[in-house]
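Geometric and topological summary
Listed below are the residues making up each chain.
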Amino acid sequence: MVDPQVIFASPDSAWGSPFFASAMTNIRRLADAFGERVLVTRWLPTADRSTSWGDYFAAWPFADRPADDPLYALVPEAEGLSPHPTVDLPTFGKWGPELEAIVGRGGRIVLAGVSTDCCVVSTALAAADAGARVTLAADACAGSTAENHAAAVQVMSLYPPQITVTDTAPLLSP
């Protein structure tokens, strides 16, 4: 589960997705089915400001807060999704040595979360490049807008067989 945080859920946040609540319904269904195999990530604003991240935070000053700010907390609905500690990273894409060490090289992952058009697509493409087999649960993702969600899903659908796009129901059917 990619970044189920207040900053992406709150309607008061510049990054809040109006589709977050409906995605969380399917995320919960997936988490219940996958149990101990669920991992939750969080984006934290700890990147080096001397890099392009400095420009990013200049463009989005509301997000340039300490990592322990309540905006970066998991939403209450995400508490208990995983028995594992969150994987906290200062990058859009969450695939890297941390997740690969848990999942295994060439492992299979199911992605859900926010924002489809940022952190989810960044994670999916990096995982596919690293040799992971990625399944995107599109209806368990929330984009910044409906159009941006659809565009990101379309981009990810261009990467078969490394990335497969589906919805929650087929993933849960026996």
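This text follows the structure it describes.
Let me begin by describing the structure that accompanies this report. All values reported here derive from a predicted model rather than from experimental measurement.

Before going further, it helps to examine helix H2 (residues 20–34). For H2, which comprises 15 residues, the first-to-last C-alpha distance of 20 Å matches the rise-based estimate of 21 Å (1.5 Å per residue) to within 8%. What H2 keeps buried is the set Phe20, Ala23, Met24, Asn26, Ile27, Leu30 and Ala31. At its buried positions, H2 is contacted by helix H1 (6–9), strand S3 (108–114), strand S4 (133–142) and helix H7 (168–172).

Turning our attention to the pairing of S4. Extensive coverage of S4 is indicated by the burial of 8 of its 10 residues. This β-α-β element, S3 to helix H5 (residues 116–129) to S4, shows right-handed connectivity. By the bridge criterion, 4 bridges tie S4 to strand S5 (residues 163–166) in an arrangement that is parallel. Bridge pairing in S5 links threonine 135 to threonine 164.

Moving on, we come to the nonpolar core. Ranked by size, the top nonpolar core spans 29 residues in total, and within it Met1, Ile7, Met24, Ile27, Tyr72 and Leu81 carry the most contacts. Of all the elements in the fold, those that place two or more residues in this core are H1, H2, helix H3 (52–59), S3 and S4. The element contributing the most residues to this core is H2, with 6 residues. Setting aside chain neighbours within four positions, we find methionine 1 in contact with Met24, Ile27, Leu39, Val40, Thr41, Leu81, Ala112 and Gly113.

Using the criterion set out here, one finds 5 salt bridges in the structure. Across the pair arginine 49 and aspartate 64 runs a salt bridge whose closest N-O atoms are separated by 2.5 Å. With arginine 49 in the loop between strand S1 (41–43) and H3 and aspartate 64 in the loop between H3 and strand S2 (87–89), this pair connects stretches of sequence that are 15 residues apart. Of the residues examined, arginine 49 reaches a relative accessible area of 32% and is grouped as partly exposed. A salt bridge links aspartate 69 to arginine 65; the shortest N-O distance between them is 3.5 Å.

Reading guide: rules and limits
Residues numbered from 1 in each chain as written. Predicted model: local features only at pLDDT ≥ 70, side-chain atom pairs only at ≥ 80, totals over all residues. Heavy atoms only, no water. Helix = DSSP H or I, 4+ residues; strand = E, 2+ residues; numbered from the N terminus. Expected span 1.5 Å × (residues − 1). Buried < 20%, exposed > 50% of the residue type's maximum accessible area, 1.4 Å probe, protein only. Contact = heavy atoms within 4.5 Å. Right-handed = clockwise from strand over helix to strand, strands pointing away. Pairing = 2+ DSSP bridges. Core = buried A, V, L, I, M, F, W, Y, C linked by side-chain atoms within 4.5 Å. Salt bridge = Lys/Arg side-chain N within 4 Å of Asp/Glu carboxyl O.

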